[in-house]
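Listed below, chain by chain, are the residues.
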Amino acid sequence: MRARPLAAATAPGLAQRWIAAWNAHDPAAILALYREDFAMASPYIVTVFNEPSGRLQGHEAVGAYWRRALDRFPELHFELQNVLAGVDSVTLVYRSNRSGLAAEVFTT
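Cut-offs and rules
- Residues numbered from 1 in each chain as written.
- Predicted model: local features only at pLDDT ≥ 70, side-chain atom pairs only at ≥ 80, totals over all residues.
- Heavy atoms only, no water.
- Phe/Tyr/Trp six-rings, centres within 6.5 Å; stacked < 30°, edge-to-face > 60°.
- Helix = DSSP H or I, 4+ residues; strand = E, 2+ residues; numbered from the N terminus.
- Pairing = 2+ DSSP bridges.
- Axes fitted to C-alpha atoms, helices over the stretch in contact; angles between N-to-C directions.
- Contact = heavy atoms within 4.5 Å.
- Buried < 20%, exposed > 50% of the residue type's maximum accessible area, 1.4 Å probe, protein only.
- Polar contact = N/O pair within 3.5 Å; in protein donor to acceptor, adjacent residues only side chain to side chain.
- Salt bridge = Lys/Arg side-chain N within 4 Å of Asp/Glu carboxyl O.
- Expected span 1.5 Å × (residues − 1).
- Arc of directions from axis to C-beta.

Participant: I keep staring at the packing of aromatic side chains and nothing clicks. Help me out?
Facilitator: Each aromatic ring pair is described using two quantities: the centre-to-centre distance and the angle formed by the ring planes. Going through the model one piece at a time under the given rule, you end up with 12 aromatic pairs. A centroid spacing of 5.3 Å and a plane angle of 75° characterise the contact between tryptophan 22 and tryptophan 66, whose relative ring orientation is edge-to-face. Within this pair, whereas tryptophan 22 is found in helix H1 (residues 11-23), its partner tryptophan 66 is found in helix H4 (residues 58-72), the two being separated by 44 residues in sequence.

Participant: Any chance you could explain the sheet that holds strand S4 (residues 89-96) here in plain terms?
Facilitator: One key point about sheets: their strands pair by backbone hydrogen bonds, in either a parallel or an antiparallel sense. Read across the open sheet, the 3 strands follow the order S3-S4-S5; overall the sheet is antiparallel. The open sheet has two edge strands with one neighbour each: strand S3 (78-85) and strand S5 (100-107). Neighbour-to-neighbour, the strand axes of the sheet open up by a mean angle of 20°, direction not taken into account. Two elements, S4 and S5, share 8 bridges in a ladder whose sense is antiparallel. If you follow leucine 92 over to S5, its bridge partner there is glutamate 104. Strand contacts of H1: S3, S4 and S5, with the helix running at about 155° to S3, the strand carrying the most contacts.

Participant: Is there a simple way to explain the side chain of histidine 59 in this structure?
Facilitator: Tracing the backbone through its elements, the reader meets histidine 59 in helix H4. Judged by relative accessible area, histidine 59 falls into the buried class, the value being 16%. A polar contact is formed between the side chain of histidine 59 and the backbone oxygen of arginine 35, at a distance of 3.2 Å. Residues within four places of histidine 59 in sequence aside, it is in contact with Leu31, Tyr34, Arg35, Glu36 and Phe38.

Participant: How should the pattern of salt bridges be read in this particular structure?
Facilitator: For the coordinates displayed, the defined rule picks out 2 salt bridges. For the salt bridge of arginine 35 with aspartate 37, the shortest nitrogen-to-oxygen distance reads 3.2 Å. Take arginine 35: its relative accessible area is 25%, and that puts it in the partly exposed class. Overall, aspartate 37 belongs to the partly exposed group, its relative accessible area being 43%.

Participant: Help me understand H1 in this model?
Facilitator: With 13 residues, H1 extends 18 Å from end C-alpha to end C-alpha; this agrees with the ideal 18 Å at 1.5 Å per step. Within the sequence span of H1, burial applies to Ala11, Leu14, Ala15, Trp18, Ile19, Ala21 and Trp22. The buried residues of H1 occupy one face: seen down the axis, they fall within an arc of 165°. For H1, the secondary structure elements touched by its buried residues are helix H2 (27-31), H4, S3, S4 and S5. Two residues or fewer after H1 comes histidine 25, characterised by a positive phi angle close to 55°.

Participant: Help me out: how do you make sense of unusual backbone geometry in this one?
Facilitator: Across the chain, the bulk of peptide bonds are trans and the bulk of non-glycine residues have phi less than zero. Within the chain, histidine 25 stands out as a residue other than glycine whose phi angle is a positive 55°. Among the secondary structure elements, histidine 25 is positioned in the loop between H1 and H2. Residue histidine 25 is classed as partly exposed on the basis of its relative accessible area of 24%. Here asparagine 50, not a glycine, exhibits a phi torsion of approximately 55°, which is positive. Within the element layout of this structure, asparagine 50 appears in the loop between helix H3 (43-49) and strand S2 (55-57).

So this is what it looks like as structure tokens:
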């Protein structure tokens, strides 16, 4: 996923805001962490949103998907496990109460 510009020093703050927004089930707060034109890919896009490519782009499309997913899984909760900062990326390793261990990769 393409996020707003990243730096290793800001990675922990990004991670905390991302986890807090998801656990608050607040799509607007989640989307605020991403550029308007960001793209994402996930196998859940196929199952939850019926998009065969598994890819979505932009706040409008991804926001609709996330709202549907949050409505479908009201018990969704994430716990941050680790934050890995690269040159132009940040990877959040987290545990989901629905699917176990997962990772989210942000690139600039």
